[in-house]
Amino acid sequence: MQGGFTNPAETGVEMKSITLIKGDGIGPEITDSVIKIINAAGVAIDWDIQTAGADVIETEGTPLPKRVIESVKKNKVALKSPVTTPIGKGFRSVNVQLRKELDLYANLRPCYNLPNVKTKYDKVDIVVVRENTEDLYAGIERRVDENTAESIKIITRSASERIAKFAFDYAVNNNRKEVCVVTKANICKLSDGLFLDCARKIAAEYSNIKFREILVDNCCMQLVQNPNQFDVLLLPNLYGDIVSDLCAGLVGGLGIAQGANIGKDYAVFEPVHGSAPDIAGQDKANPTAMLMSAIEMLNYIGEKDAASRIKLALFETLNAGVKTADLNGNASCSEFTQAIIKRLAVLVK
């Protein structure tokens, strides 16, 4: 269903059907922004709009209705905006459920400097590859007694080998030079030790890609001292979650950080920041992370020319000093969106 969105592509152009998951908080605002920009780039997409999160619990009894999963399975690709996850109570993360239901085993987080976004570091270009389906995120935990709770950390050979292979294949296909595996195998000798052993095994199959090992605490210290030394980072789920946000902080924060969750059959692209309900509906949100995620999606489905045009228009807009408040600018979400569309109009001609 189109849900009110129209596509500017010429009549007769075959339209790709992609699931669009509108979240809550600022989700609808940044979604509308990105769809307008994609439309302006002339990409033919039939958006299958689905709602999820806290807003649908009252009517459907779950934050992730079955219809959402079925839509992604049908379309194979989804673009998703942020969904609020309660802390310490309430429903579990919709993101985690999506990854488990669709076996989206690889979380891909490219982190690099954007033009005219002031940071402490220049020329950062790191790709975080995070295993996405197990570790403590498997959700196996219980209350032992009123004073004790325990969680079980799951690491398997099959999941560890396939994420390692994903990281090395990504390095080969994107002209990266090195994969660095990040663990705490000196302490978690069996679980992290298995992940490390699997990475070593796969690394031996890629003689053209450098391989090194680092402990997660040392990795965090090295990242804030000299991030330019890193290329592709390969991590289990929990460390990957933490380190990927650290890397986003190196290049300007979560407001510009894109993400992709990729499996054998399906892929979901999403910004990694939260739903920011405190500024929802105020036209203050920064749509850059959502747009960067959409650019990754367009590349994934073969719309590389459109992805390049949108990226160039975004970079030209930032270079011109048009930025939202979180990037020390004074543009509203809608003003920022229109500035990108204005530059796209020149590029599309």
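Everything numeric in this text was worked out from a predicted model, so none of it was measured. Here the residue index of a chain counts from 1 through its sequence in written order. Where local features are concerned, this predicted model is filtered to residues with pLDDT of at least 70; where side-chain atom pairs are given and counted, the filter is 80 or more; whole-chain, interface and lining totals use all residues. Only heavy atoms go into the side-chain values, all of them from the structure, while hydrogens and water stay out.

Once that is clear, we can look at the overall build of the chain. Secondary structure elements are taken from DSSP: a helix is a run of H or I of four residues or more, a strand is a run of E of two residues or more, and numbering for both begins at the N terminus. Scanning the chain from terminus to terminus reveals 11 helices and 12 strands. For 349 residues, the compact-globule estimate of 2.2 N^0.38 gives 20 Å, and the chain sits close to it at 20 Å. Once the C-alpha set of the chain is aligned to its principal axes, its extents read approximately 55 × 45 × 40 Å. When a residue's accessible area, from a 1.4 Å probe over protein chains only, is under 20% of the maximum for its type it is buried; when over 50% it is exposed; and in between it is partly exposed. Taking all 349 residues of the chain together, the buried fraction comes to 52%. The contact definition used throughout considers only heavy atoms, calling two residues in contact when any of these lie within 4.5 Å. Long-range contacts, defined here as pairs at least 24 residues apart, represent 74% of the contacts in the chain between residues at least 6 apart. In this setup the radius of gyration rests on C-alpha atoms only. A globule is expected at 2.2 Å times the number of residues raised to 0.38.

The subject of this paragraph is the sheet that holds strand 2 (residues 45-51). The rule for pairing is simple: two strands pair if DSSP sees at least two bridges between them. Reading across the sheet, the 10 strands line up as 2-1-3-12-11-4-5-10-8-9 and stay open at both edges, with mixed pairing between neighbours. Strand pairing shows two members of the sheet lacking a second neighbour, strand 2 and strand 9 (210-215), which therefore form its edges. Ignoring strand direction, the axes of neighbouring strands in this sheet form an average angle of 25°. Fitted lines through C-alpha atoms give the axes, limited to the stretch in contact for helices. The angle between two N-to-C directions lies from 0 to 180 degrees.

Our focus in this paragraph is helix 7 (residues 216-225). Of all the residues in helix 7, the buried ones are V216, C219 and L223. Viewed end-on, helix 7 has its buried residues packed into an arc of 50°, placing them on one side of the element. Where helix 7 is buried, its residues meet strand 5 (125-131), strand 8 (178-183), strand 9, strand 10 (232-235) and helix 8 (237-250). Taking the helix axis as origin, the arc is that swept by the directions to the C-beta atoms.

To continue, consider helix 3 (residues 66-75). By the burial criterion, the buried members of helix 3 are V68, I69, S71, V72 and N75. End-on, the buried residues of helix 3 take up no more than an arc of 160°, which puts them together on one face. Exposed side chains of helix 3 directed beyond 90 degrees from the buried face belong to K66 and K74. One or two steps after helix 3, the chain reaches K76, where phi turns positive at roughly 75°.

The working definition used for a salt bridge is a side-chain nitrogen of Lys or Arg within 4 Å of a carboxyl oxygen of Asp or Glu. Applying the stated criterion across every chain, the model contains 19 salt bridges. Notably, a salt bridge pairs K74 with D48, separated by 3.5 Å at the nearest N-O pair. Residue K74 is found in helix 3, and its partner D48 is found in strand 2; the two are separated by 26 residues along the sequence. Looking at K74, the relative accessible area reads 59%, which means it is exposed. On the basis of relative accessible area, D48 is assigned to the buried category, the value being 6%. Between R142 and E150 there is a salt bridge; the shortest N-O distance is 2.6 Å. Among the residues examined, R142 registers a relative accessible area of 48% and is labelled partly exposed.

Before going further, it helps to spend a moment on the pairing of strand 1 (residues 16-22). Note on strand geometry: in a regular strand, side chains alternate between the two faces of the sheet. The buried count for strand 1 comes to 5 of 7 residues, which makes it a mostly enclosed element. Pairing between strand 1 and strand 2: 7 bridges, direction parallel. Within the sheet, the bridge partner assigned to S17 lies in strand 2 and is D46. Convention used here: a crossover is right-handed provided that the path from the first strand, over the helix, to the second strand proceeds clockwise when the strands point away from the viewer. The handedness of the strand 1 to strand 2 crossover, carried by helix 1 (residues 27-40), is right-handed.

Another aspect to go through is the packing of aromatic side chains. Two aromatic rings from Phe, Tyr or Trp, using only the six-membered ring of Trp, form a pair when their centres are within 6.5 Å; if the ring planes differ by under 30 degrees the pair is stacked, by over 60 it is edge-to-face, and anything between is tilted. All chains considered together, the criterion is met by 4 aromatic pairs. Each ring, one from Y105 and one from F166, has its centre 6.2 Å from the other, and the planes form 85°; the classification is edge-to-face. With Y105 in the loop between helix 4 (94-102) and strand 4 (106-112) and F166 in helix 5 (residues 157-173), this pair connects stretches of sequence that are 61 residues apart. One exposure class covers both Y105 and F166, and it is buried. An aromatic cluster is built from F168, Y206 and F211, whose rings are joined through pairwise contacts. Cation over ring: R130 sits above Y137, and NZ or CZ is 5.1 Å from the ring centre. The rule for a charge over a ring is simple: NZ of Lys or CZ of Arg within 6 Å of the ring centre, and within 35 degrees of the ring normal.

Moving on, we come to unusual backbone geometry. Located in the positive-phi region is K123, a residue other than glycine, with phi close to 60°. Residue class for K123 comes out exposed when judged on its relative accessible area of 76%. Of note, the phi angle at D283 is positive, near 60°, even though the residue is not glycine. As for its placement among the helices and strands, D283 is situated in the loop between strand 12 (267-271) and helix 9 (288-300).

When the sulfur atoms of two cysteines come within 2.5 Å, that pair is taken as a disulfide. This structure, assessed with the given rule, holds 0 disulfides. Left without a disulfide partner, C188 is nearest to the cysteine sulfur of C220, which lies 14 Å away. When its relative accessible area of 24% is taken as the criterion, C188 is described as partly exposed.

How two helices pack is summed up by the angle between their axes together with the distance between the axes. Helix 6 (residues 191-203) packs onto helix 5 with a crossing angle of 45° between their chain directions and a minimal axis gap of 8 Å. On the basis of the axis angle, helix 5 is oblique to helix 6. The element helix 5 and its partner helix 6 pack so that their crossing is right-handed. Across from R157, S160, E161, I163, A164, K165 and F168 in helix 5, the residues of helix 6 making contact are L194, F195, C198, A199, K201, I202 and A203. Ten residue types, Ala, Val, Leu, Ile, Met, Phe, Trp, Tyr, Cys and Pro, are classed as nonpolar, four, Asp, Glu, Lys and Arg, as charged, and the remainder, Gly among them, as polar. Residue classes in the contact of helix 5 with helix 6 are distributed as 9 nonpolar, 1 polar and 4 charged. Relative orientations are named as follows: roughly parallel for angles under 35 degrees, roughly antiparallel for angles over 145 degrees, roughly perpendicular for angles from 65 to 115 degrees, and oblique for any other angle. Two helices cross in a left-handed way if the nearer one is turned anticlockwise from the farther one by less than a right angle. They cross in a right-handed way if the turn is clockwise.

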